[in-house]
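Per-entry structural report
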There are 2 protein chains.
Amino acid sequence: MVSAKASRVDDAYARLKADILHARIPPGHVATEPEIALRMGMSRTPIRETLIRLEAEGLVELIPRRGARILPISASAMREIYDILTSLEPDAAARVALARHSAETLQPLHDATSDMEAALERGDLDAWAEADERFHRQLMALTGNRRLQQIVAQLNDQAHRARIITVRLREPPVRSTVEHRAILDALLAGDGPLTRTLFREHRERAAQELLAILENLRLTQL
Amino acid sequence: MVSAKASRVDDAYARLKADILHARIPPGHVATEPEIALRMGMSRTPIRETLIRLEAEGLVELIPRRGARILPISASAMREIYDILTSLEPDAAARVALARHSAETLQPLHDATSDMEAALERGDLDAWAEADERFHRQLMALTGNRRLQQIVAQLNDQAHRARIITVRLREPPVRSTVEHRAILDALLAGDGPLTRTLFREHRERAAQELLAILENLRLTQL
DNA sequence: AAATAATTTAATGCATGCATTGACAAACGC
DNA sequence: GCGTTTGTCAATGCATGCATTAAATTATTT
């Protein structure tokens, strides 16, 4: 056996988190510990620990005598998240560019970009979104900064549901895909400033589009 | 009574965190749950929950069968932290500048700066450090971005011990204090780009100095 | 009927018990 | 003497019990 034996907390954490991210539990939903424990077939203890972790990650809110509330998707939350990502990612990308990684090292980014292009042609938005997130994740991994990776991953998790919803309510992300290709080229060229600029514009546009949709839907809070 | 009744978890959390930040527990120290529970006069349960939270905050590492390890201070960790802060804070400061807050709103920053100057003249490094952290905290508060505030606060907590140590091992922070004044002026002038540039240089220099000292001391890991 | 009070219900916060399992040490074989 | 093996010990992971207390419900009063 390769993987370490999963503890119940590990299990509950993985399942609950997946349920939240895939919106299988509706945003805003409130559930009590005994309720979740029953559903997951374990006692309250591991559920409690799981909820504490999820709260620290910003996916759940623990309301004193009521239970755990799955955080809703709000435009204001998305604005906060995108403001932070717009600061972090372009800088990080610029550092990666300046590190002048080999083409092999950048291969995963290349793959992700190709996958985005292919998915877009097929009209497979789920695959597109997956490749998009993969690109961003791989790029952060190349910085070697663990804390940065964790923070960005956490923010992306928080924004995940909003992206799922909006990706189907907008024009096909042609532009976004093209931008990825341009960023990749800048990275390969080792052009830090260009990478930063492109990435920043990429994030700013994405934020604009997402927020426009959320606000149009009057999804101040979904 | 104004404050909510403190639960044991709240209490243990506050105490443990303070002990860690003030280095009353030496970095690298390992303690078991029963050990901490005994010292804090409560059962393992609230201690457990506290440790989970502290782990999520990056102050403690939970080692499977060994206990909780107070994370050591390493130069590499500080580099990670400062890289992130150097991305986040200057951008955030620029946004604050563009928001053109009134002088009253910026008063806390003014106070913090004055306090730094006064503390420096008195040679009171503790007071100086406190005012410095206050300046940065207040500035982030002005962005109104809760997530940003939380992330920056968390990173500052992680870096706190390193700052305490190094502040006494370097020349008096005259330069740093002057820079704060300049940043404040740029904020008052509503000059976003200038604020960003100044802040970035400020953080980069601070990072350089801190890392130089840590590495000189061969504190790869304290 | 609306507002208030009394009562019931149930979720949390915490303590405790116990099985499991890894860490450590002593005993053993080479 | 040093690497293995076995055995003991204790920390964790989890379940469970219970007091407390907020929320919900019902009863009561105006």
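Everything numeric in this text was worked out from a predicted model, so none of it was measured.

Basis of the calculations
- Residues numbered from 1 in each chain as written.
- Chains lettered and ligands numbered in written order.
- Predicted model: local features only at pLDDT ≥ 70, side-chain atom pairs only at ≥ 80, totals over all residues.
- Heavy atoms only, no water.
- 1 Å grid on protein atoms, 1.4 Å probe; cavity = no way out; pocket = protein on both sides within 12 Å on 5 of 7 lines; lining within 4 Å.
- Points joined across faces, edges and corners; volume = space filled by probe spheres on them.
- Nonpolar A, V, L, I, M, F, W, Y, C, P; charged D, E, K, R; others polar.
- Near = heavy atom within 4 Å.
- Polar contact = N/O pair within 3.5 Å; in protein donor to acceptor, adjacent residues only side chain to side chain.
- Helix = DSSP H or I, 4+ residues; strand = E, 2+ residues; numbered from the N terminus.
- Salt bridge = Lys/Arg side-chain N within 4 Å of Asp/Glu carboxyl O.
- Buried < 20%, exposed > 50% of the residue type's maximum accessible area, 1.4 Å probe, protein only.
- Least-squares fit on C-alpha atoms with pLDDT ≥ 70 in both.
- Contact = heavy atoms within 4.5 Å.
- UniProt positions renumbered as here; feature names shortened; annotations may be inferred.
- Pairing = 2+ DSSP bridges.
- Domains from an automatic or database assignment.

What follows covers the layout of surface pockets. One way to see where empty space is left: roll a probe the size of a water molecule over the atoms. Residue and element names in this part refer to chain A. Approximately 850 Å³ is the volume found for the second largest pocket. Lining the second largest pocket are 24 residues, and of these Glu33, Arg48, Leu62, Ile63 and Pro64 sit closest to its centre. Among the residues making up the lining of the second largest pocket, the classes are represented as 10 nonpolar, four polar and 10 charged.

Close to DNA strand C lie 18 residues; Arg48(A), Arg65(A), Arg8(B), Ser43(B) and Thr45(B) are nearest. Those atoms of DNA strand C that come within 4 Å of the protein belong to sugar or phosphate at a rate of 65%. Take Ser43(B): an N or O atom from its side chain is 2.3 Å from a phosphate oxygen of DNA strand C. Counting residues per element, the ones that place at least two in the surface near DNA strand C are helix H2 (33-40) and helix H3 (44-56) of chain A together with helix H1 (8-21) and helix H3 (44-56) of chain B. The element contributing the most residues to the surface near DNA strand C is H3(B), with three residues.

To continue, consider the pattern of salt bridges. Any two side chains of opposite charge can pair, so long as their charged atoms come close to each other. The full count for this structure, using the stated rule, is 54 salt bridges over all chains. For Arg181(B), the salt bridge identified is with Glu117(B), shortest N-O distance 2.8 Å. Taken as a pair, Arg181(B) in helix H8 (residues 174-188) and Glu117(B) in helix H5 (residues 107-122) lie far apart in primary sequence, 64 residues in all. By relative accessible area, Arg181(B) is classed as partly exposed at 23%. One network of salt bridges, in which partners are shared, links Arg170(A), Arg175(A), Glu179(A), Arg205(A) and Glu209(A).

What follows covers the relation of the copies chain B and chain A. With an RMSD of 0.1 Å, chain B superimposes on chain A once it is rotated by 180° and translated 0.0 Å along the axis. Taken together, the rotation and translation relating the two chain copies correspond to the operation of a two-fold axis. The overlap is high: 100% of the interface residues of chain B also sit at the interface in chain A, so the same surface is used on both sides.

Okay, the UniProt feature "domain: HTH gntR-type" (unreviewed entry) in chain A next. As annotated by UniProt and renumbered to match this structure, "domain: HTH gntR-type" (unreviewed entry) occupies residues 6-73 of chain A. Structurally, residues 6-73 of chain A is divided into 51% helix and 15% strand, and its ends, taken at the C-alpha atoms, are 30 Å apart.

With that settled, the discussion passes to the sheet that holds strand S2 (residues 60-63) of chain A. One open sheet accounts for three strands, arranged S1-S3-S2 (chain A); its pairing is antiparallel. A single partner strand is all that each edge strand has here, and the edge strands are strand S1 (30-31) and S2 of chain A.

The next point concerns empty space enclosed by the protein. Residue and element names in this part refer to chain B. Applying the stated criterion to the full structure yields three cavities of 30 Å³ or more. The volume enclosed by the largest cavity comes to roughly 250 Å³. For the largest cavity, the lining is made up of 19 residues, of which Tyr82, Trp128, Asp132, Arg163 and Arg170 are closest to its centre. Of all elements in the fold, only helix H6 (125-143), helix H7 (146-167) and helix H9 (192-216) reach the threshold of two or more residues within the lining of the largest cavity. Ranked by residues supplied to the lining of the largest cavity, first place goes to H9 with six residues. Looking at the lining of the largest cavity residue by residue, the classes come out as seven nonpolar, five polar and seven charged. Empty space within the second largest cavity amounts to approximately 70 Å³. Forming the boundary of the second largest cavity are Leu16, Ile20, Ile25, His29, Ala31, Ile36, Arg39, Leu51, Leu54, Val60, Ala68 and Ile70. Contributing elements (two or more residues each) for the lining of the second largest cavity: H1, helix H2 (33-40), H3 and strand S3 (67-70).

Following the sequence through the fold, Asn145(B) ends up in the loop between H6 and H7. In contact with Asn145(B), not counting residues within four places along its chain, are Glu80(A), Asp83(A) and Ile84(A).

So, on to unusual backbone geometry. The phi torsion at Ala23(A) lies on the positive side, around 60°, for a residue other than glycine. Position of Ala23(A) relative to the elements: it lies in the loop between helix H1 (8-21) and S1.

Our next topic: the pairing of strand S3 (residues 67-70) of chain A. Regular strands place side chains that alternate from one sheet face to the opposite one. Residue and element names in this part refer to chain A. Pairing geometry for S1 and S3, over two bridges, is antiparallel. Residue Val30 lies in a different strand from S3, and its bridge partner there is Arg69. What sits between S2 and S3 in their antiparallel hairpin is a turn of three residues.

Once that is clear, we can look at the pairing of strand S2 (residues 60-63) of chain B. The sheet contact formed by S2(B) and S3(B) spans four bridges and is antiparallel. Residue Leu62(B) lies in a different strand from S3(B), and its bridge partner there is Ala68(B).

Right, let's get into the domain arrangement of chain A. All names here are of chain A. For chain A, the assigned domains are domain 1 (8-70) and domain 2 (75-216). The straight-line distance from the C-alpha centre of domain 1 to that of domain 2 is 29 Å. The interface of domain 1 with domain 2 comprises 11 residues on the first partner and six residues on the second. With a shortest N-O distance of 3.1 Å, Asp157 and Lys17 are connected by a salt bridge. The interface formed by domain 1 and domain 2 includes three residue pairs in polar contact (both at pLDDT 80 or more). Its residues assigned to classes, the side of domain 1 that touches domain 2 shows seven nonpolar, two polar and two charged.

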